[in-house]
Amino acid sequence: MKNLFSLTALLLITNCYTQNLKDFSVPNGYEKIAEAKGDLDKDGKEETVVIFNTDKKTNLNDRDDILRSLFILKNEDGKQRIWKENSTLLFSSGMGFYPENNAPPEISIKNNALSITQIFNTNSRHTQTYTHTFRFQNGDFYLIGSSSRFEDTCDFNYLDEINFSTGKVITDEEHSSCDEEEKVIPKDIHKEFIHPFKTLIKMNNFRIGENKFKVPGLKKEIYY
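Everything quoted here is computed from the prediction, not taken from an experiment.

Caption draft 1: Region of the structure containing the sheet that holds strand E9 (residues 156-163). On the basis of which strands lie adjacent, the open sheet formed by 7 strands has the order E5-E6-E7-E8-E9-E10-E11 and antiparallel pairing. Pairing within the sheet leaves two strands with one partner each, and these edge strands are strand E5 (106-110) and strand E11 (189-194). Taking the axes of each pair of neighbouring strands and ignoring which way they run, one obtains an average angle of 10° across the sheet. As paired elements, E9 and strand E10 (residues 168-175) share 7 bridges and run antiparallel to each other. Within the sheet, the bridge partner assigned to Phe156 lies in E10 and is His175.

Here it is in structure tokens:
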């Protein structure tokens, strides 16, 4: 009887909560560039995550540089309702050295967690790939994983991975040379360690690259 009462109370709370969500319709001038579906709150129902190019520009340069927005939508009673909206996590369309060649962000939902991957060139030889993973817990979406890969066409490949839930960090540096006659090549580095993260960061409080910590034993800081 107690379990039945708890389940009934949970359903009532959930129903009341979803009724307070605003109905979603695609804003005028918005263009959908990515979409994924999956269960993000373990209620057995699929949510829809969509990324749009908005109708707003950054005005930071002469080329088209469109701001982007992410929506997490609940599907209730045949309607889509806005569960979460975020515009701070996504780079604009003009990010990088060759923005016209940028692929749109990639979205995946696995094990009730949402991952967003963004790739761009920082110059003619370097590629930056970011993947950030969020999980719904304690009433909000929190950053639980980060992966940053910075690679050259032939000189280096750097990877930093962070599991914020366990505190496990992996930093890996592979070195080579574009010059086949180069004799002095830096040593490869691979280090795994635990870093204490006091609190998890909410999605809407997260800005890529604004957080950092020092790698023990190395003259290196990891930004995320």
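Caption draft 2: Region of the structure containing the nonpolar core. Membership of the largest hydrophobic core comes to 34 residues, with the highest contact counts inside it found for Ile51, Ile72, Leu114, Ile162, Phe206, Phe213 and Tyr224. Elements with a contribution of two residues or more to this core: strand E1 (31-38), strand E2 (47-57), strand E3 (66-76), strand E6 (113-121), strand E7 (126-137) and strand E8 (140-152). In contact with Ile162, not counting residues within four places along its chain, are Ile144, Gly145, Ser146, Lys168, Val169, Phe197, Phe213, Ile222 and Tyr224. One finds Tyr30, Phe52, Phe71 and Leu73 within the second-largest nonpolar core, a separate group that totals 6 residues.

Caption draft 3: Examining the sheet that holds strand E4 (residues 79-86) more closely. Here we have 4 strands laid out as an open sheet, ordered E1-E2-E3-E4, and antiparallel in their pairing. The outermost strands of the open sheet, each flanked by one partner alone, are E1 and E4. The average undirected angle you get between the axes of adjacent strands in this sheet is 30°. As defined by bridge partners, E1 adjoins E2 across 7 bridges and the pair is classed as antiparallel. Residue pairing across strands places Lys32 opposite Phe52, the latter belonging to E2.

Caption draft 4: Molecular detail of the pairing of E4. Two elements, E3 and E4, share 7 bridges in a ladder whose sense is antiparallel. Bridging from a neighbouring strand, Ile72 pairs with Lys84 of E4. Turn length for the E3-E4 hairpin, with the two strands adjacent in sequence and antiparallel, is 2 residues, and the turn residue Asp77 shows positive phi of about 55°.

Caption draft 5: Geometry of the environment of Pro105. Note that Pro105 resides in the loop between E4 and E5. Separated by 54 residues in the primary sequence, Pro105 and Ile51 have C-alpha atoms spaced 7.9 Å apart. Ignoring sequence-local partners within four residues, the contact set of Pro105 consists of Ile33, Ala34, Ile51, Arg68, Thr117 and Gln118.

Caption draft 6: Seen up close, the packing of aromatic side chains. Enumeration over the complete set of coordinates arrives at 20 aromatic pairs. Taken together, a centroid distance of 5.0 Å and an interplanar angle of 70° make the contact between Trp83 and Phe141 edge-to-face. Residue Trp83 is found in strand E4, and its partner Phe141 is found in strand E8; the two are separated by 58 residues along the sequence. Taken as a pair, Trp83 and Phe141 share a single burial class, namely buried. Where Phe150 meets Phe156, the ring centres are 5.4 Å apart and the plane angle is 40°; that geometry is what we call tilted. A relative accessible area of 24% places Phe150 in the partly exposed class. Under the relative-accessibility criterion, Phe156 is labelled buried at 15%. A network of ring pairs unites the aromatic residues Phe164, Phe193, Phe197, Phe213 and Tyr224 as a single cluster. If you follow Lys74 out to its NZ or CZ, it ends over the ring of Trp83, 4.5 Å from the centre.

Calculation notes
Residues numbered from 1 in each chain as written. Predicted model: local features only at pLDDT ≥ 70, side-chain atom pairs only at ≥ 80, totals over all residues. Heavy atoms only, no water. Pairing = 2+ DSSP bridges. Helix = DSSP H or I, 4+ residues; strand = E, 2+ residues; numbered from the N terminus. Axes fitted to C-alpha atoms, helices over the stretch in contact; angles between N-to-C directions. Core = buried A, V, L, I, M, F, W, Y, C linked by side-chain atoms within 4.5 Å. Buried < 20%, exposed > 50% of the residue type's maximum accessible area, 1.4 Å probe, protein only. Contact = heavy atoms within 4.5 Å. Phe/Tyr/Trp six-rings, centres within 6.5 Å; stacked < 30°, edge-to-face > 60°. Lys NZ or Arg CZ within 6 Å of the ring centre and 35° of its normal.

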